[in-house]
Amino acid sequence: MADPRSATPADPATPADPAEPVRLPDALRFLTELVAWVATPWALAGISPWLSAAALLLLIGLPTVLATPGDKKQVVVPVPGYVTVGLVLLQLVAAVAGAWAAWPARAAVPVTVLAAACLVAEQPRWRRLVAARP
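Computed from a prediction, not measured in an experiment: that's the story for all the values here.

Caption draft 1: Main features of the overall build of the protein chain. Helices and strands together make up the secondary structure of the protein chain, namely five helices and two strands. From first element to last, N terminus to C terminus, the protein chain shows the α and β order α-α-β-β-α-α-α. Relative to its 134 residues, the protein chain shows a buried fraction of 31%. The long-range fraction of contacts in the protein chain, counting pairs at least 24 apart against all pairs at least 6 apart in sequence, stands at 59%. For the protein chain, the accessible area works out to roughly 8900 Å², and carbon and sulfur atoms hold 72% of it.

Okay, structure coming up:
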């Protein structure tokens, strides 16, 4: 029988444990990001399709490339915690502004409530990110 202490660590490329619960702040942030990715280009499409595409590229591309070490498993370009906080704030503002510019109030109000809930739920993570030394 093999010694469990000598087992090799799990491959970082393997998916997370499926039994790991989804945290509320993560779920709220993900939903807000989805709304930002839809509402912002939708609102900007009437002005310019190029502006709409650029907004989508920024909203998806920046958080994919820039990350704070320890906050994500894979970091392409490491940045301080306040940059990650700023990117989340950008997503929140884009979701709310895009929703109010593109959709009727009956759709924009729930987006605003979602963004406010995300803002509150993210506070512990933001404090941790800003306090962390790069």
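Caption draft 2: Broad picture of the pattern of salt bridges. Throughout the structure, instances matching the rule amount to six salt bridges. The salt bridge partner of E122 is R29, with a shortest N-O separation of 2.5 Å. Of this pair, E122 sits in the loop between α4 (105–121) and α5 (123–131) while R29 sits in helix α1 (residues 24–45), placing them 93 residues apart in sequence. Exposure class is identical for E122 and R29. Each is buried. The closest approach of N and O atoms between E122 and R125, which form a salt bridge, is 2.6 Å. R125 sits in the buried class, given a relative accessible area of 9%. Members of the salt-bridge network, linked through shared partners, are R23, D26, R29, D71, E122, R125 and R128.

Caption draft 3: Quick look at the nonpolar core. Of all hydrophobic cores here, the largest spans 20 residues; its most connected members are V35, L92, W103, V111 and W126. Leave out the neighbours within four places in its chain, and L92 touches T32, A115, C118, L119 and W126.

The rules behind the values
- Residues numbered from 1 in each chain as written.
- Predicted model: local features only at pLDDT ≥ 70, side-chain atom pairs only at ≥ 80, totals over all residues.
- Heavy atoms only, no water.
- Helix = DSSP H or I, 4+ residues; strand = E, 2+ residues; numbered from the N terminus.
- Buried < 20%, exposed > 50% of the residue type's maximum accessible area, 1.4 Å probe, protein only.
- Contact = heavy atoms within 4.5 Å.
- Areas by Shrake-Rupley, 256 points an atom, 1.4 Å probe, with all protein chains shown as cover.
- Salt bridge = Lys/Arg side-chain N within 4 Å of Asp/Glu carboxyl O.
- Core = buried A, V, L, I, M, F, W, Y, C linked by side-chain atoms within 4.5 Å.

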